[in-house]
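Per-entry structural report
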Amino acid sequence: MVTPKLARVGLLLLSVLSLTGAIAPTAFAQRVQLLGQARLSFRENDLDVLKLPRCQVPPVRDIRLRALRGSAEIQLLVVQYGNNQLDRLPVRSRLRQGSETNWIPLRGTLRCIRGIAIVGSSAGTTNRAIIQFYAR
């Protein structure tokens, strides 16, 4: 037989665990933020630049690309940090509409991003590809 005190402790633990499960996905979703988007034309090695008005708060450690519209073939990303240092990240990825890359780690620890240049082209589609940039 379970004592009333033990039953209350068990109920309290169950409540805390269920509340934690409800909060954790929300907290993770808040950490991922949309930085902006760029368009790629049909020209091979087209270049588009996403300029951010100021450094992102909080600083980021990874970025992800998502093809919002159209398909794209991405060759390279150039990331400009808050201290004006540039970082070349060879991506070499083909994205279909609605697909996304894995998280691409930035070199160093948490970084402030001022801009991202993307080199690539729209591939196999009549639409100009729109690529979204996410950070965490």
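One can find the structure itself at the top, above this paragraph.
Notes on the structure follow. In this text, all values refer to a predicted model and were calculated from it rather than measured experimentally.

With that out of the way, let us pick up the nonpolar core. Of all hydrophobic cores here, the largest spans 26 residues; its most connected members are Leu35, Ile63, Ile74, Leu77, Ile113, Ile131 and Phe133. Within the residue set of this core, elements represented by two or more residues are strand S1 (33-40), strand S3 (62-69), strand S4 (72-81), strand S5 (86-95), strand S7 (113-122) and strand S8 (129-135). With five residues, S4 is the single largest residue contributor to this core. Discounting chain neighbours no more than four positions away, the residues touching Leu77 are Ile63, Leu65, Asp87, Arg88, Leu89, Val91, Ile104, Ile116, Ala117, Ile118 and Phe133.

Here the focus is the environment of Leu68. Turning to its location among the elements, Leu68 is positioned in strand S3. By relative accessible area, Leu68 is classed as partly exposed at 35%. Through-space distance from the C-alpha of Leu68 to that of Leu95 is 9.7 Å; in sequence the pair is 27 residues apart. When near neighbours in sequence (up to four residues on either side) are disregarded, Leu68 contacts Gln37, Gln97, Ile130 and Gln132.

All told, the structure shown has zero aromatic pairs when counted by the stated rule. The ring of Tyr81 is capped by Arg111, whose NZ or CZ atom sits 3.6 Å from the centre of that ring.

What follows is about the environment of Asp46. Mapping Asp46 onto the fold places it in strand S2 (residues 46-51). In sequence terms Asp46 and Ile118 are 72 residues apart; their C-alpha atoms lie 8.0 Å from each other. Not counting residues up to four positions away in its chain, the partners in contact with Asp46 are Arg39, Leu40, Ser41, Ile118, Val119 and Gly120. For Asp46, the side chain forms a polar contact with the main-chain nitrogen of Ser41, separated by 2.7 Å.

An order of S2-S7-S4-S5 is seen for the four strands of this open sheet, with the pairing classed as antiparallel. Each edge of the open sheet carries a strand with a single partner, namely S2 and S5. Taken pair by pair, the neighbouring strands of this sheet meet at an average axis angle of 20°, ignoring direction. Pairing geometry for S2 and S7, over six bridges, is antiparallel. Bridging across to S7, Leu47 finds its partner in Val119.

We note that Asn45 has phi near 60°; this positive angle belongs to a residue other than glycine. Note on placement: Asn45 falls in the loop between S1 and S2. Positive phi, close to 65°, is recorded for Asn84, a residue that is not glycine. Examined against the element boundaries, Asn84 turns out to sit in the loop between S4 and S5. Residue classification places Asn84 among the partly exposed positions, given a relative accessible area of 46%.

Reading guide: rules and limits
Once a new chain begins, its residue numbering starts again from 1 and follows that chain's sequence as written. Thresholds applied to this predicted model are a pLDDT of at least 70 for local features of residues and 80 or more for the giving and counting of side-chain atom pairs; totals over whole chains, interfaces and linings are not thresholded and use all residues. For side-chain calculations, the full set of non-hydrogen atoms in the structure is used, while hydrogens and water are omitted. We define a nonpolar core as any set of buried Ala, Val, Leu, Ile, Met, Phe, Trp, Tyr and Cys residues linked to one another through side-chain atoms lying within 4.5 Å. Any residue under 20% of the maximum accessible area for its type is buried, any over 50% is exposed, and the rest in between are partly exposed; the area is computed with a 1.4 Å probe on protein chains only. We count a stretch as a helix when DSSP gives it H or I for four or more residues in a row; a strand needs E for two or more, and each element gets its number in order from the N terminus. The criterion used for residue contact is that any of the two residues' heavy atoms lie within 4.5 Å. Only Phe, Tyr and Trp rings are paired, with Trp represented by its six-membered ring, and only when their centres lie within 6.5 Å; those with planes under 30 degrees apart are stacked, over 60 edge-to-face, the remainder tilted. Throughout this description, the term charge over a ring refers to an Arg CZ or Lys NZ atom that lies within 6 Å of the ring centre and within 35 degrees of the ring normal. Between N or O atoms, a polar contact is any pair within 3.5 Å; within protein, one atom must be a potential hydrogen donor and the other a potential acceptor, and residues adjacent in sequence are included only when both atoms are from side chains. For two strands to count as paired, DSSP must find a minimum of two bridges between them. Each axis is a line fitted through C-alpha atoms, taken for helices only over the stretch in contact, and angles between the N-to-C directions span 0 to 180 degrees.

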